[in-house]
Amino acid sequence: MNKTLTLTTIAALAALIFCTFGCQSQNPDTQESDSSEQTSTEQAEPESKWIQYGRMREVIGMQKHHGRIALAEATSQPHLYAVGALEELTGEVTVLDGAVVATTVDEAHQLQPVDVNPEIQATLLVGNHISAWTDHTVSKAVPSEEFDAYIEQLASEQGIDTSKPFVFTASGNFIDVRLHVIQGACPVHAKLHGVELSENEKPFEGSFPRLTGTVVGVFAKNAAGELTHPDTSTHTHVVFNEPNSGARVTAHVEQTGLDEGAVIRLPARPSPDDQE
């Protein structure tokens, strides 16, 4: 009798266990609920807004300057601010709140605006999608040799982690400006390595005691060869009206100071994803 009772008890327990686990695994309502919760969690996680196509050392030093991203695709999401170079290093490109400004050099070594179309690509493009900014007016002129330090200090005061790259802009008057637009080769890299550029590779180079425009920049410490040239923590471009033609053009800034009254814009409430 005890054996019969024991076998009956074991059978009952086995049925209970099977029902408990087997029925749960076959319950479609429970499966849909678990799947829905997982999908909801994944969608709620913010994606990084930082973009980077190409690195300075590979694009310039290793001459791997093929097209990496179509400008139309890069600006498909709103509020992009970015700097870069056109494919084959044929010119400079700056994106200001999603608006693309691209410039090349004509046969007379003068600035030539580019009509941007969906097929144009960049070999180097770095920036971020920023929709909210804080404005900071420059109360005293900042000389060019203090530009990087000024941006870093201002950003630190606003709670931005300056050990990670971030985008900034500046508008107004700039002083002691030196700039260039590439034409197949980088003049900064050529000077550093004592290379004489051919006539077809010579860039537009200009110096301006004073220039009015808008700067888009990336601040990145210890990022030479990655995001910046050597001996600088910023990669900046300026958008301005060419003095002779009045055309809207852009150029890579080798150095610049800030005149009194210029307005610096920094990302508001930066998140870890914005600086990833």
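Structure's up top.
These remarks concern the structure in this document. (Residues numbered from 1 in each chain as written. Predicted model: local features only at pLDDT ≥ 70, side-chain atom pairs only at ≥ 80, totals over all residues. Heavy atoms only, no water.)

**Details of the overall build of the protein chain**
And step 1. Tallying secondary structure elements over the protein chain gives six helices and 13 strands in all.
And step 2. Counting only residues that meet the buried cut, the protein chain has 42% of its 276 residues in that class.
And step 3. Sequence-distant contacts in the protein chain: of pairs separated by 6 or more residues, those separated by 24 or more amount to 72%. (Helix = DSSP H or I, 4+ residues; strand = E, 2+ residues; numbered from the N terminus. Buried < 20%, exposed > 50% of the residue type's maximum accessible area, 1.4 Å probe, protein only. Contact = heavy atoms within 4.5 Å.)

**Re the layout of surface pockets**
And step 1. Considered as a void within the structure, the largest pocket measures approximately 480 Å³ in volume.
And step 2. Along the wall of the largest pocket there are 24 residues; nearest its centre are Asp231, Thr232, Val253, Glu254 and Gln255.
And step 3. Secondary structure elements with two or more residues in the lining of the largest pocket: helix H5 (147–157), helix H6 (187–192), strand S11 (234–241) and strand S12 (248–258).
And step 4. Residues of the lining of the largest pocket, tallied by class, amount to seven nonpolar, ten polar and seven charged. (1 Å grid on protein atoms, 1.4 Å probe; cavity = no way out; pocket = protein on both sides within 12 Å on 5 of 7 lines; lining within 4 Å. Points joined across faces, edges and corners; volume = space filled by probe spheres on them. Nonpolar A, V, L, I, M, F, W, Y, C, P; charged D, E, K, R; others polar.)

**Re the environment of Leu111**
And step 1. Of note, Leu111 is situated in strand S6 (residues 111–113).
And step 2. Judged by relative accessible area, Leu111 falls into the buried class, the value being 12%.
And step 3. Between the C-alpha atom of Leu111 and that of Ala251, which follows or precedes it by 140 residues, the distance is 9.0 Å.
And step 4. Residues contacting Leu111, with those up to four places away along its chain left out, are Thr103, Thr104, Val181, Phe204, Phe240, Glu242 and Val249.

**Focus on empty space enclosed by the protein**
And step 1. Summed over the entire model, instances satisfying the criterion amount to two cavities of 30 Å³ or more.
And step 2. Roughly 110 Å³ of volume is contained in the largest cavity.
And step 3. Taken together, 15 residues make up the lining of the largest cavity; nearest its centre are Ile60, Ala85, Glu92, Ile182 and His252.
And step 4. Where the lining of the largest cavity is concerned, the elements lending two or more residues are helix H3 (56–61), strand S3 (80–86) and S11.
And step 5. Among the elements that make up the lining of the largest cavity, the one with the highest residue count is H3 (three residues).
And step 6. Split into classes, the residues belonging to the lining of the largest cavity amount to eight nonpolar, six polar and one charged.

**Focus on the nonpolar core**
And step 1. Counting residues in hydrophobic clusters, the biggest one holds 30 residues, and the most contacted among them are Phe166, Phe168, Leu179, Phe240, Leu258, Ile264 and Leu266.
And step 2. Among the secondary structure elements, those contributing two or more residues to this core are H5, strand S9 (166–181), strand S10 (204–219), S11, S12 and strand S13 (263–267).
And step 3. Broken down by element, the residue count for this core peaks at seven residues, all from S9.
And step 4. Leave out the neighbours within four places in its chain, and Phe166 touches Trp50, Ile151, Ala155, Ile160, Gly217, Val218, Phe219 and Leu266. (Core = buried A, V, L, I, M, F, W, Y, C linked by side-chain atoms within 4.5 Å.)

**Side note on unusual backbone geometry**
And step 1. At Gln63, a residue that is not glycine, the phi angle is positive and equals roughly 55°.
And step 2. Its identity is not glycine, yet Asp97 carries a phi of approximately 55°, on the positive side.
And step 3. Mapped onto the fold, Asp97 is located in the loop between strand S4 (92–96) and strand S5 (99–105).

**Considerations on H5**
And step 1. Along H5, the residues classified as buried are Phe147, Asp148, Ile151, Leu154 and Ala155. Around the axis of H5, the buried residues are gathered within 135° of arc, so they sit on the same side.
And step 2. Packed against the buried residues of H5 are strand S8 (133–137), S9, S10, S11, S12 and S13.
And step 3. Gly159 sits one or two residues past H5 and shows a positive phi near 85°. (Arc of directions from axis to C-beta.)

**Considering the pairing of S13**
And step 1. Sheet topology places S8 next to S13; five bridges connect them, and they run antiparallel. Each bridged residue has a counterpart across the sheet, and for Trp133 the counterpart in S13 is Pro267.
And step 2. Where S9 lies against S13, three bridges are found, and the strand directions are antiparallel. Counterpart to Thr169 in the pairing with S13 is Arg265. (Pairing = 2+ DSSP bridges.)

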